[in-house]
Amino acid sequence: MKDVTIGLRVITFLIVYGLTQVSFASAIEQTKGHFKDKFRQLDEVLPTPNDYRNAAGEPGKDYWQQQVDYTINVVLDERKRRLSAQQTIKYTNNSPYRLKYIWVQLEQNRFKSDSVAELSEEFGGLGRRGPTSSVPTNDDPAKISLSQLRRQQFMEDNQLGYELTNIRDGENKKLNFVVNSAQMRIDLPKPLESGESTVVKLDYAFNILEEDAVNARSGYEHFPDDARKGGNDIFLLAQWFPRVAAYSDYEAWHNKEFLGRGEFTLEFGNYDVKMTVPADHIVASTGELKNPNEVLTQKQQQRLELAKKASKPVYIVTADEALENEKASTDKTKTWHFTAENVRDFAWASSRKFMWDAQGYEQGGDKQPLVMAMSFFPKEGGDLWKKYSTASVIHTMEVYSRFTFDYPYPTSISVNGPVGGMEYPMITFNGPRTIWHEDGSRTYTLAEKRFLIGVVIHEVGHNYFPMIVNSDERQWTWMDEGLNSFLDGVAGREWDPQIPWGVEPRDIVDYMKSDIQVPVMTQSDSVLKLGPNAYTKPAAALNILREVILGRELFDFAFQEYSRRWENKRPTPSDFFRTMEEASGVDLDWFWRGWFYSTDHVDISLDRIYKLRMDTKNPDIDFKRRRQEEMDKPSSLFVERNKAANMKTWVEMNPDIRDFHDENDRWTVTNEDRNDYQEFLDKLEPWEQRVFERAIKEDKNYYVLNFSNLGGLVMPILLELTFEDGTVENMAIPAEIWRRNPQQVSKLIVTEKSKLLKSVVVDPGWETADVDIENNYYPRRIIPSRIESYKDKKREGWEYKDLMHDVKSKLKEPNKKIKKK
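Residues numbered from 1 in each chain as written. Predicted model: local features only at pLDDT ≥ 70, side-chain atom pairs only at ≥ 80, totals over all residues. Heavy atoms only, no water.

Trainee: Is there a simple way to explain the packing of aromatic side chains in this structure?
Mentor: The description of an aromatic ring pair uses the distance of the two centres, along with the angle that the planes make with each other. This structure, assessed with the given rule, holds 47 aromatic pairs. Ring centres 5.6 Å apart and planes at 25° place the aromatic pair Tyr 271 and Phe 346 in the stacked group. Taken together, the residues span a long stretch of sequence, with Tyr 271 in strand 16 (residues 269-278) and Phe 346 in the loop between strand 20 (333-343) and strand 21 (348-351) at a distance of 75 residues. Centre to centre, the rings of Phe 576 and Phe 577 are 6.1 Å apart; their planes meet at 55°, and the pair counts as tilted. Across the pair, exposure class does not vary: Phe 576 and Phe 577 are buried alike. Taken together, the aromatic side chains of Phe 39, Trp 478, Tyr 562, Phe 576, Phe 577, Trp 590, Phe 591, Trp 592, Trp 595, Phe 596 and Tyr 597 make up a single cluster linked through ring pairs. Geometry around Phe 680 places Lys 617 over its ring, the cationic atom sitting 5.3 Å from the centre. (Phe/Tyr/Trp six-rings, centres within 6.5 Å; stacked < 30°, edge-to-face > 60°. Helix = DSSP H or I, 4+ residues; strand = E, 2+ residues; numbered from the N terminus. Buried < 20%, exposed > 50% of the residue type's maximum accessible area, 1.4 Å probe, protein only. Lys NZ or Arg CZ within 6 Å of the ring centre and 35° of its normal.)

Trainee: Where do I start with empty space enclosed by the protein in this structure?
Mentor: Over the atoms, a rolling probe the size of a water molecule traces out where space has been left empty. Inspection of the entire model under this criterion finds four cavities of 30 Å³ or more. Quantified by volume, the largest cavity comes out at close to 110 Å³. Forming the boundary of the largest cavity are Gln 105, Glu 107, Glu 251, His 254, Lys 256, Thr 265, Leu 266, Asp 472, Arg 474 and Gln 475. Across the lining of the largest cavity, the residue classes break down as one nonpolar, four polar and five charged. (1 Å grid on protein atoms, 1.4 Å probe; cavity = no way out; pocket = protein on both sides within 12 Å on 5 of 7 lines; lining within 4 Å. Points joined across faces, edges and corners; volume = space filled by probe spheres on them. Nonpolar A, V, L, I, M, F, W, Y, C, P; charged D, E, K, R; others polar.)

Trainee: Got a minute to help me understand the nonpolar core in this structure?
Mentor: Soluble globular proteins: nonpolar side chains tend toward being buried together. If you look at the biggest cluster of nonpolar residues, it comprises 190 residues, and the most contacted ones within it are Trp 240, Trp 348, Phe 429, Phe 576 and Trp 595. Apart from the residues within four sequence positions on either side, Trp 240 is in contact with Ile 72, Val 74, Leu 83, Gln 108, Tyr 162, Tyr 204, Phe 206, Val 273, Phe 346, Ala 347 and Trp 348. Counting residues in hydrophobic clusters, the runner-up holds seven residues, among them Leu 612, Met 614, Ala 695 and Leu 748. (Core = buried A, V, L, I, M, F, W, Y, C linked by side-chain atoms within 4.5 Å. Contact = heavy atoms within 4.5 Å.)

Trainee: What should I look at first to understand the side chain of Ser 248 in this one?
Mentor: Of note, Ser 248 is situated in strand 14 (residues 247-248). By relative accessible area, which is 4% here, Ser 248 ends up buried. One polar contact links Ser 248 to His 254, side chain to side chain, over a distance of 2.7 Å. Once you skip the residues sitting within four places of it in the chain, Ser 248 turns out to touch Trp 64, His 254 and Arg 570. (Polar contact = N/O pair within 3.5 Å; in protein donor to acceptor, adjacent residues only side chain to side chain.)

Trainee: Please clarify how unusual backbone geometry should be interpreted in this entry.
Mentor: Excluding glycine, residues mostly carry a negative phi; peptide bonds, for their part, are mostly trans. A cis amide bond, omega 15°, links Phe 465 with the succeeding residue Pro 466. Structurally, Pro 466 can be placed in the loop between helix 9 (446-461) and helix 10 (478-495). Following Tyr 778, the chain continues to Pro 779 via a peptide bond in cis, the omega torsion being -5°. Structurally, the position occupied by Pro 779 is in the loop between strand 35 (777-778) and helix 22 (803-806). One non-glycine residue, Asn 172, lies in the positive phi region at around 65°. Here Asn 172 shows up in the loop between strand 7 (163-169) and strand 8 (177-180). Positive phi outside glycine occurs at Asp 699, with the angle close to 50°. Within the secondary structure layout, Asp 699 lies in the loop between helix 21 (686-698) and strand 30 (701-709).

Trainee: What's the story with the environment of Asp 665 in this structure? I'm lost.
Mentor: Position of Asp 665 among the secondary structure elements: in the loop between helix 19 (660-663) and helix 20 (671-683). The class for Asp 665 is partly exposed, based on a relative accessible area of 36%. The spatial distance from the C-alpha of Asp 665 to the C-alpha of Gly 454 is 74 Å, given a sequence separation of 211 residues. In this structure the side chain of Asp 665 is engaged in a polar contact, spanning 2.9 Å, whose partner is the backbone nitrogen of Trp 667.

Here's what the structure looks like:
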């Protein structure tokens, strides 16, 4: 602490005459153009409320959204790895506007060589999804990964994209259409008026992508070492059918095409889908199976019925049955029939390799009392999937429903395949697997265990955001990934808090202080680092909002209110921001502006602490204190060394010249000083005299803490105060302390006379994402770190190779890979 003399009489004046806050910070000249209001209202940026979306963040009285229903008959040709389908679309125009045409998203065309996505792909650089490369420099050659070469070769060797035919209306009359890269405009024979419906029919086919080669979020995975001649495949089918683009009140047609990263913006509708697949395949799908008698054995149907009341997963297809199924194939087919109501998408998986387990989750309520949690996985999933997949599905629904609404669908499915993690209504694709060993055993690492639990929770959680709370993924990725990451962090830490879930404030500090950060509100295809930007930062922000700023009660109520308001509807960021403020009763514009619209970071420095004592104004007391303060200061080094040498001063050697001024100092009290003191007391009003006398009697400690906002992001200041008696107190200063000066503020803390402050730490629990914790300590601490020893490396480079020796080496035979069973 720093004892201060200069401020003592100042603080007496301020307290006696009614001022409540002292600033000992360096003065900042607030000239016109320098001031930046971090608390400026966000309504200047947000869209104006209207009858579609009101000022409270609710759907307005005239809110509307379109309805798109699909009837699809699709055939999977396993040998050719090809899908062909006939599709009927019923489009209902619930908007108040007439439509002359319909836009359709053709995501399979994204992989054609002339698509916008492929033509705009950058070599090297940040923000890539999938295989990597790097540009050459003066010292290093360019690099391209083998995975990138594999992708290029697959796309060169295969004809990709849709083959569209027979596009017609409900009366089978040909419709005009234009394909523009990965989008198609279908011209209607007459304008579609508000409240009317129209029917569009089309046929299409495409070659299925190899997911491991292309990194496409869907496709097939080949298992060449299976017992069946030619091996087996797992097919994960998503983005597989032409989907009508969204049409909304705030953007009209959402025809920003798929570039590979910004995901999907879709309409709700009803689906009736029939998939014809090899007869020995097991199919997992969005929706309810309508013909179990035709595609399941009697035993499988009985097991499925038992699973509804089971306390642990029941195998519908056992490991032995799946292994036996892998060994042969058939030319016969079966048609699986699924229907789904009020969903925004439809995905499915098919393979003869699948084990299948199921367990009923009784969530109660009127919406969907029983949900069938299920997992489909090959032998490569092993015990990892047996233990954790379906259990993670159920745990996710239990936690998410507590924060939002009851899970509304009849099934929730986790499928293992080549996709690391993707989400669709009722079905998710999840990638972690076991490791096969030459002795035939299978094991899994701690990382794979954590990955599986985490990815299942995350992807199943996406049923809530955005499958039900239907935000625009392509424009605002954070609205589903960020909110979902926040909740998967809640569910994950309730599963096992020792697993690093990556949603704590401390997990985002490196990104927030980096030079590659862009605002969270940035459109997803333009974000440099999507993971920290759209997942971790908004999740950490919501974690801070819940635990630090609002508290759990206010936050949980507001978050649930947002979820229920926008269940099966399409919210925008303004709807989220406004609902959270309106339902919590707290102005959060500063928070949204800082965390979502800026690249500021949190770095609050505790620069100084002043320890002050109240002046009594009585010269007989105060002058004595001043004299002692002077005596406590270090004396001159010159004087100290002269004393050490026993050197006497001239005055000491000539005492006869001493006078009044040698016997008295500036702190000698005179009657004039005493008269001034009495005059000061006489001028006080009675209430002022009572206040002053009490303050003198209590003789409390006054501490002024100076803070600097080095990162720019205004945040609450969380303090841990440690006192000399060993006690510790916590104090939270609201973010509003920065409202008049967002760069520097001071805070007065008053303690009892016996309560002496020893040290202070800002954000001791790392709860605010402060990027530099070392300037949080006062006094500053010695920084703990590490040091490692190392052995010098040999020189590298071609000129250091021992060519004379290496030319004598014998050529080794290539290793033969052992088949995995």
